[in-house]
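# Examination of the molecular architecture
Chain residues, written in single-letter form:
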Amino acid sequence: MSTGLKVAAFLFTLLLMGCTANPALPEATSTPEMDDGRITYEEMVVGYSQIGAESNWRTGNTASIKETAVDLGVELIFDDGQQRQENQIKAIRTFIAQQVDVIGVSPVVEDGWESVFQEAKDAGIPIILVDRRANVPEDLYATYLGSDFMEEGRNAARVMVDLLAGEGKIVELVGTVGSAPAIDRAAGFREIIQDYPDMHIIASASGDFTRAKGEEVMGDLLQLYGDEIDAVYAHNDDMAIGAIKAIEAYGLQPGQQIKIVSIDAIRDAFQAMIDGKLNATIECNPLLGPQFFDLALKVVNGEPVPKWIPSEEGIFFPEDAAEILPTRRY
Ligand code: GZL
């Protein structure tokens, strides 16, 4: 049967099956019958090196990757790096030995990847950076799918300027030291507040993006600065929620006596805004599964892709939280 007839037969079969593609999923960019050397989702083997399970954002990100693989019929080999770079490097080497078609990785920190990425390139296996960037030459990865962390930091600062009317003392809860979001969210925030001489970051300390560490570090900062603190800038909602607990334990009212702005827009942040304990959350979208596998198939099949696909993201405030919360998926 000619290719044209094969395609017609396949399309007719789809019509008979009443095939309704999941609208949330990318359209398959190739079909089994179009045997032009390209592979299909069902034929693709993907190795994925995830950072860990440090925050609700991360668990939402992992769920999106795993659920999309099942929906598309992709063979996914998934590794949880438990927030340790050496575990991620080991996983990438395993994927190379297993000769996967493509590797997805969310680098826990920006530096230290060049050698293992070169090994993947030498093995002919493309790498897609997901969520976080790595400091490597551009020829060592196919594309980066993730947020503009600088803009997230700028947006947090713009909200903070309004909240404090341009003056006040801020403590900063920093994400994982050396990670792209921590570096850029800090830089973006400072880029905006440098124009407000009466706004000062009086202390920065890392809560490693976790709730427990955020509570611990905020408790230490309260011991040092107490009610001198006007506001908290947290690089993610989980650390902000930890800080809320510490502020209440200290005897102050979070969201009222100490303003709080954070990033991610997880469900618990919406609840904290409803409770009047958080003043704003900047969205950082973890639901990257459909885009990731769409990119992976294109890269494996040699189709051109942009070097960066930025996520679309918003800003959320308490007055809208109750209406939006039921719609949030992570
Ligand atoms: C951002 C992501 C960050 C989240 C944190 O894209 O890398 O890591 O903001 C998560 O919640 O731990």
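Within every chain, residues take consecutive numbers counted from 1 along the sequence as written. This being a predicted model, a pLDDT of at least 70 is required before a residue's local features are given, and a value of 80 or more before pairs of side-chain atoms are given or counted; all residues contribute to the totals for chains, interfaces and linings. Each side-chain value is derived from all of the structure's non-hydrogen atoms; neither hydrogens nor water enter the calculation.

### Focus: the overall build of the protein chain
Defined as follows: Put simply, DSSP marks the helices as runs of H or I at least four residues long and the strands as runs of E at least two long, and each gets a number from the N terminus on. Burial classes follow relative accessibility: with a 1.4 Å probe on protein chains only, a residue under 20% of its type's maximum area counts as buried, one over 50% as exposed, and anything between as partly exposed. Note on definitions: a residue-residue contact is assigned when non-hydrogen atoms from the two residues lie within 4.5 Å. Each accessible area is a Shrake-Rupley estimate made with a 1.4 Å probe; only the visible protein chains count as cover when residues are assessed.
Along the protein chain, the regular secondary structure elements total 11 helices and 12 strands. Looking at the protein chain as a whole, 52% of its 330 residues are labelled buried. Excluding contacts between residues fewer than 6 apart, the proportion of contacts in the protein chain whose partners are at least 24 apart in sequence is 73%. In the form shown here, the protein chain has an accessible surface area of approximately 14400 Å², with 51% of it arising from carbon and sulfur atoms.

### Focus on the pairing of strand 1 (residues 45–50)
This is how it is decided: The criterion for strand pairing is that DSSP finds at least two bridges linking the strands in question. Every crossover in which the path from the first strand over the helix to the second runs clockwise, viewed with the strands pointing away from the viewer, is termed right-handed.
Counted residue by residue, strand 1 has 6 buried out of 6 residues, so it is predominantly covered. By the alternation rule, side chains of strand 1 split into Val45, Gly47 and Ser49 and Val46, Tyr48 and Gln50, which are all buried. Here strand 1 pairs with strand 2 (residues 75–80) via 6 bridges, running parallel. Paired with Gln50 across the bridge in strand 2 is Asp80. This β-α-β element, strand 1 to helix 2 (residues 56–72) to strand 2, shows right-handed connectivity.

### Digging into the sheet that holds strand 11 (residues 308–310)
Threshold: In this analysis, axes come from line fits to C-alpha atoms, helices being fitted only over the stretch in contact, and the angle between any two N-to-C directions falls in the range 0 to 180 degrees.
One open sheet holds the 6 strands; their spatial order is 2-1-3-4-5-11, and the pairing between them is parallel. Both edges of this open sheet fall to strand 2 and strand 11, since each of them pairs with a single strand only. Sheet twist, expressed as the average angle between the axes of neighbouring strands with direction ignored, equals 20°. The pairing of strand 4 (residues 127–130) with strand 5 (residues 143–146) spans 3 bridges and is parallel. By the bridge assignment for strand 5, Ile128 is matched with Thr143.

### What to know about unusual backbone geometry
Of note in this structure, Gln83 is not a glycine but carries a positive phi near 60°. Mapped onto the elements of the fold, Gln83 is located in the loop between strand 2 and helix 3 (85–97). Given the relative accessible area of 24%, Gln83 is considered partly exposed. In the Ramachandran plot, Phe209 falls in the positive-phi region, its phi being about 70° despite a non-glycine side chain. Of note, Phe209 is situated in the loop between strand 7 (199–206) and helix 7 (211–225). By relative accessible area, Phe209 is classed as buried at 4%.

### So, helix 6 (residues 180–193)
Condition: By this rule, a helix spans an expected 1.5 Å times one less than how many residues it contains.
In a regular helix each residue adds 1.5 Å, so 14 residues correspond to 20 Å; helix 6 covers 20 Å between its end C-alpha atoms and thus fits that length. Counting buried positions over the 14 residues of helix 6 gives 10, a clear majority of the element. Those residues of helix 6 that sit buried are Ala180, Pro181, Ala182, Asp184, Arg185, Ala186, Gly188, Phe189, Ile192 and Ile193. Where helix 6 is buried, its residues contact helix 5 (149–164), strand 6 (168–174), strand 7, strand 8 (231–234) and strand 9 (259–264).

### Some words on empty space enclosed by the protein
Threshold: The distinction between a cavity and a pocket rests on a 1 Å grid over the protein atoms alone: a 1.4 Å probe fits inside a cavity but cannot get out, while a pocket stays open yet meets protein on both sides within 12 Å along at least five of seven lines, and a residue with an atom within 4 Å of a point counts as lining. Grid points are joined across faces, edges and corners, and a volume is the space filled by probe spheres set on the points. Residues are grouped as follows: nonpolar covers Ala, Val, Leu, Ile, Met, Phe, Trp, Tyr, Cys and Pro; charged covers Asp, Glu, Lys and Arg; every other residue, Gly included, is treated as polar. Each domain's limits were defined by an automated method or a database of domain assignments.
Within this structure, the stated rule accounts for 1 cavity of 30 Å³ or more. Taken as a whole, the largest cavity spans an internal volume of roughly 90 Å³. The wall of the largest cavity is formed by 13 residues, among which Trp57, Arg58, Arg132, Arg185 and Asp264 lie closest to the centre. Put simply, the parts of the chain that give the lining of the largest cavity at least two residues each are helix 2 and helix 6. In the lining of the largest cavity, the residues fall into 5 nonpolar, 2 polar and 6 charged. Looking at the lining of the largest cavity, you find at least three residues from each of domain 1 (41–147 + 286–312) and domain 2 (149–284).

### With respect to the pattern of salt bridges
Cut-off, in case you're wondering: Salt bridges, as used here, are contacts in which a Lys or Arg side-chain nitrogen is within 4 Å of a carboxyl oxygen on Asp or Glu.
Summed over the entire model, instances satisfying the criterion amount to 22 salt bridges. Residues Asp131 and Arg58 are paired through a salt bridge, measuring 2.8 Å at the closest nitrogen-oxygen approach. Of the two residues, Asp131 sits in the loop between strand 4 and strand 5 while Arg58 sits in helix 2, which places them 73 residues apart along the sequence. Its relative accessible area of 4% is what places Asp131 among the buried residues. The salt bridge involving Glu151 is made with Arg158; its shortest N-O contact spans 2.8 Å. You can call Arg158 partly exposed: its relative accessible area is 36%. Salt bridges sharing common partners tie together Glu54, Arg58, Asp131 and Arg132.

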